[in-house]
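Structure at a glance
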Amino acid sequence: MGLDQKLRRHPTRYQLVAYTETMVDRNAPVSAVLAAHVAACPMCAAEVKSIRASLECAARAALLEPSSDLTAQILLKAKSEREETRVRRRPSSFGVAFRMIAFTSAMAAVAVVIFGAAIGQPISMKPLETALQQVSTVVPSADVIQKAAAEVKALGAAMRTATSKPQSLQELEQRRAVSAMDADIAAAQAALQRNPGCVRATHIVNANIQRQAETLRHLYIERKL
Amino acid sequence: MAEVRSNVVPMPNTARLRVVSPDGLPLTERSNEELMLAHGQGNEEAFVELVRRHQKGVLNYIYRMVHNRHVAEELAQEVFVALVKNAGRYQPTAKFTTYLYTIASNIVSKEWARQKRRPKLFSLTTWFGKEEEDEFDPLEHSGDENADVVEAFERGEISEAVNTALNHLPEHQREAFVLRRFQDISYEEIAEILDVPVGTVKSRVVRAERGLRPYLERFREYV
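So, a few notes on the structure that sits alongside this text. From a predicted model like this one, the values you see are computed outputs, not experimental measurements.

**Let's talk about the interface of chain B and chain A**
With 33 residues of chain B in contact, the opposing surface of chain A contributes 28 residues. Elements supplying a minimum of two residues to the side of chain B that touches chain A: helix H3 (44–66), helix H4 (69–85), helix H7 (149–167) and helix H10 (198–216) of chain B.

Next up, the structure:
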């Protein structure tokens, strides 16, 4: 029932509270219909009086004043929260691209070592070390890559001591496959130079390096064991 | 131009400067929603203005909910920190006060849950009555020429009685009543804040009033 409809029975308790609120707050419109009913009905008038006493008591309750340093405390906490948010956001924007480039260059350096080891050419470890230094600052799995690179380096050294001539047709095919993968890696690297952080090129480099590593492991096992 | 210059009065060193936003409108004249958006874009002065406007309201709301000044101040800080955390995601789809008190309400609910989990230990403040510092001390106001000590005393007594009475209400009724009567928030807004229908809010306020009545009966003569 709306406040301005004609009342056929006593108003609900909510209506009386709403009506009393208008009296206490003195800023809301008073329902004339309800006012007429309350004026004529002693029961509702008594109820309104009680409600009014409660509401006015509540309105007279003193407000708690903030302590003198509350504003300073809030601003201090807000400042530290902003700093934390900045730190949390930093790697998500610029860091992703940088991480991708660093990871890709590290993978490419590992590929050069593997391929060089396979064909018996001396390898310069400087680019690999530089790349791994970059990776160690941003990529959490730098240790794993470093271990794999060290393992590949040892395998390459062991392979170089043996004769460079293929000992079987299968070995020849495996060497050709490694060369083909190296060409793919070079193409992907060129794409990465044009478009740094390219996800597809990064995947190609990564996948080819993994396959090269696997192939070299087979070669080593077949030769030595 | 020369005429204009001649009218310029040099500003004394002690004059207070108004904080003005980049678009030239003083921050004090901007709406809460505009301030929050500006804060989301990195304007820290806008946040300071929001704190200035709402800290007392938020503190009093929380205080009426938890009945402890220290806890209330801690939670009020949490509310404003939450504003900072969510500043970038803020969309002015509702009134800012709805947004602010929704955060405050959530934080209060968590505090209630924490209090329920916490083991109840013997407390000296419970044994001796209320915490002294939370009480309204009329003597603090006696030095003020404009203050009426008797009125201050009555006011303090009423405040204490209201707080005690609120403490006896169920939490959901207390929350609706405090938002309506102390924070002056509309029923529709309270419904959004508490995520309940408007009818439920009205019913809670009515029940809360009925619950408070016996505790406030003796103060009828004051009002």
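**Examining the packing of H3(B) against helix H5 (residues 96–117) of chain B**
Helix-helix packing: each pair is described by the crossing angle between the helix axes and the interaxial distance. Residue and element names in this part refer to chain B. With their axes 11 Å apart at the nearest point, H3 and H5 run at an angle of 30° to one another. In terms of their interaxial angle, H3 and H5 are classed as roughly parallel. Both H3 and H5 take part in a crossing whose hand is right-handed. Contacts between H3 and H5 involve His-54, Val-58, Tyr-61, Ile-62, Met-65 and Val-66 on the former and, on the latter, Leu-100, Tyr-101, Ala-104, Val-108 and Glu-111. Considering only residue class, the contact of H3 with H5 consists of nine nonpolar, one polar and one charged.

**A word on the environment of B:Glu45**
Residues and elements named next belong to chain B. Tracing the chain through its elements places Glu-45 in helix H3. Judged by C-beta crowding, with 14 C-beta atoms within 10 Å, Glu-45 ranks as partly exposed. Taking the C-alpha atoms as reference points, Glu-45 and Leu-35, 10 residues apart in sequence, are found 8.9 Å from one another.

**Structural notes on unusual backbone geometry**
Backbone geometry at B:His67 places phi at a positive 55°, although glycine is not the residue there. Looking at the element boundaries, B:His67 is found in the loop between H3 and H4.

**Regarding the environment of B:Val58**
Residue and element names in this part refer to chain B. Locating Val-58 in the fold gives a position in helix H3. Each C-alpha atom, one on Val-58 and one on Leu-75, is 9.1 Å from the other, the two residues being 17 residues apart in sequence. Excluding anything up to four places from it in sequence, Val-58 contacts Ala-76, Val-79, Leu-100 and Ala-104.

**Re helix H9 (residues 187–194) of chain B**
All names here are of chain B. Looking only at H9, the buried set comprises Glu-189, Ile-190 and Ile-193. Buried residues in H9, looked at end-on, bunch into an arc of 100°, giving them a common side. Contacts made by the buried residues of H9 are with H5, helix H8 (171–182) and H10. Asp-195, located one to two residues past H9, shows a positive phi value of around 60°.

**Quick look at the packing of H9(B) against H10(B)**
Residue and element names in this part refer to chain B. Two elements in contact, H9 and H10, have axes separated by 8 Å at closest approach and are oriented at 105°. Put simply, H9 runs roughly perpendicular to H10. Taken together, the residues of H10 that come into contact with H9 (itself represented by Tyr-187, Glu-188, Ile-190, Ala-191 and Leu-194) are Val-198, Val-201 and Lys-202. When its residues are assigned to classes, the contact of H9 with H10 shows six nonpolar, no polar and two charged.

Parameters at a glance
Residues numbered from 1 in each chain as written. Chains lettered and ligands numbered in written order. Predicted model: local features only at pLDDT ≥ 70, side-chain atom pairs only at ≥ 80, totals over all residues. Contact = placed C-beta atoms within 7 Å. Helix = DSSP H or I, 4+ residues; strand = E, 2+ residues; numbered from the N terminus. Axes fitted to C-alpha atoms, helices over the stretch in contact; angles between N-to-C directions. Parallel < 35°, antiparallel > 145°, perpendicular 65-115°, else oblique. Left-handed = near helix turned anticlockwise from the far one by under 90°. Nonpolar A, V, L, I, M, F, W, Y, C, P; charged D, E, K, R; others polar. Buried ≥ 20, exposed ≤ 12 C-beta atoms within 10 Å, placed from the backbone. Arc of directions from axis to C-beta.

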